[in-house]
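Chain residues, written in single-letter form:
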Amino acid sequence: MATKKTPADAAATAQADVEKSASQPTRDVRVRFDDTKMSSNYANVANVGMSKDEVTLLFGTNQTWGAVEDEVVIQLSSRIILTPSVAKSFSETLQRVLSEYEKQVGKIA
């Protein structure tokens, strides 16, 4: 009987695969992005959480425009779970993109 993998097990396996491939000689690989099952979501709110094995990004929309209440409700639309190494790579890539954006368009307030 096969055992069910938890997200932490999957993250650990993915991390081991990344470390294994990092120790091997480099090779040129063509990457093709398949967007046939992709969905697009708008978010004006993002939140980041973490555990020992994963980094979780939550995206949603604040639809309480100008409301002065005791509670603001954020409608969450997406949760992305990354291994710490992928999260770090994503962070570095995002920083490069934002720096290039500011060079072309101007400083982000």
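Residues numbered from 1 in each chain as written. Predicted model: local features only at pLDDT ≥ 70, side-chain atom pairs only at ≥ 80, totals over all residues. Heavy atoms only, no water.

Observations regarding the overall build of the protein chain
Counting its secondary structure elements, the protein chain contains two helices and three strands. The 109 residues of the protein chain split such that 11% are buried. Of the contacts formed within the protein chain by residues at least 6 apart in sequence, a portion of 36% connects residues at least 24 apart. By element, 55% of the accessible surface of the protein chain is carried by carbon and sulfur atoms, the whole surface being about 9,900 Å². (Helix = DSSP H or I, 4+ residues; strand = E, 2+ residues; numbered from the N terminus. Buried < 20%, exposed > 50% of the residue type's maximum accessible area, 1.4 Å probe, protein only. Contact = heavy atoms within 4.5 Å. Areas by Shrake-Rupley, 256 points an atom, 1.4 Å probe, with all protein chains shown as cover.)

Re the pairing of strand β1 (residues 45-50)
Among the six residues of β1, zero are classified as buried, and the element is accordingly described as predominantly exposed. Relative to strand β2 (residues 55-62), β1 runs antiparallel, the two being bridged by six bridges. Counterpart to G49 in the pairing with β2 is T56. As consecutive antiparallel partners, β1 and β2 are separated by four residues. (Pairing = 2+ DSSP bridges.)

Notes on the sheet that holds strand β3 (residues 74-82)
Taking strand neighbours across the sheet as the criterion, the three strands line up as β1-β2-β3 in an open arrangement whose pairing is antiparallel. Strands at the two margins of the open sheet, each flanked by one partner only, are β1 and β3. Taken over all neighbouring pairs, the strand axes of this sheet differ in orientation by 20° on average, direction set aside. When β2 meets β3, the two strands line up antiparallel, connected through eight bridges. In the sheet register, L57 faces β3, and the bridge partner there is I80. (Axes fitted to C-alpha atoms, helices over the stretch in contact; angles between N-to-C directions.)

With respect to a nonpolar patch on the surface
Residues F90, L94, L98, Y101, V105 and I108 make up a contiguous nonpolar surface patch of roughly 530 Å² in combined accessible area. When you line up the elements, Y101 lands in helix α2 (residues 84-105). A relative accessible area of 41% means that Y101 is categorised as partly exposed. (Patch = residues over 30% accessible without salt bridge, like charges linked within 9 Å, V, L, I, M, F, W, Y side chains within 5 Å. Salt bridge = Lys/Arg side-chain N within 4 Å of Asp/Glu carboxyl O.)

Concerning α2
Across its 22 residues, α2 extends 31 Å between first and last C-alpha, which sits within 8% of the 32 Å expected from 1.5 Å per residue. Taken from the residues just after α2, G106 is the one with a positive phi, measuring 125°. (Expected span 1.5 Å × (residues − 1).)

Observations regarding the side chain of T56
Structurally, T56 is set in strand β2. Apart from residues lying up to four places away in sequence, T56 is in contact with N47, V48, G49, R79, I80 and I81.

Topic: the environment of V72
With respect to the helices and strands, the residue V72 is situated in the loop between β2 and β3. For the pair V72 and N62, spaced ten residues apart in sequence, the C-alpha separation works out to 7.5 Å. Those residues within four positions of V72 in sequence are excluded, and the remaining contacts are N62 and T64.

Brief notes about the side chain of N62
Tracing the chain through its elements places N62 in strand β2. Within the local environment of N62, its side chain forms a polar contact with the side chain of T64, the two groups lying 2.6 Å apart. Not counting residues up to four positions away in its chain, the partners in contact with N62 are N44, V45, V72, V73 and I74. (Polar contact = N/O pair within 3.5 Å; in protein donor to acceptor, adjacent residues only side chain to side chain.)

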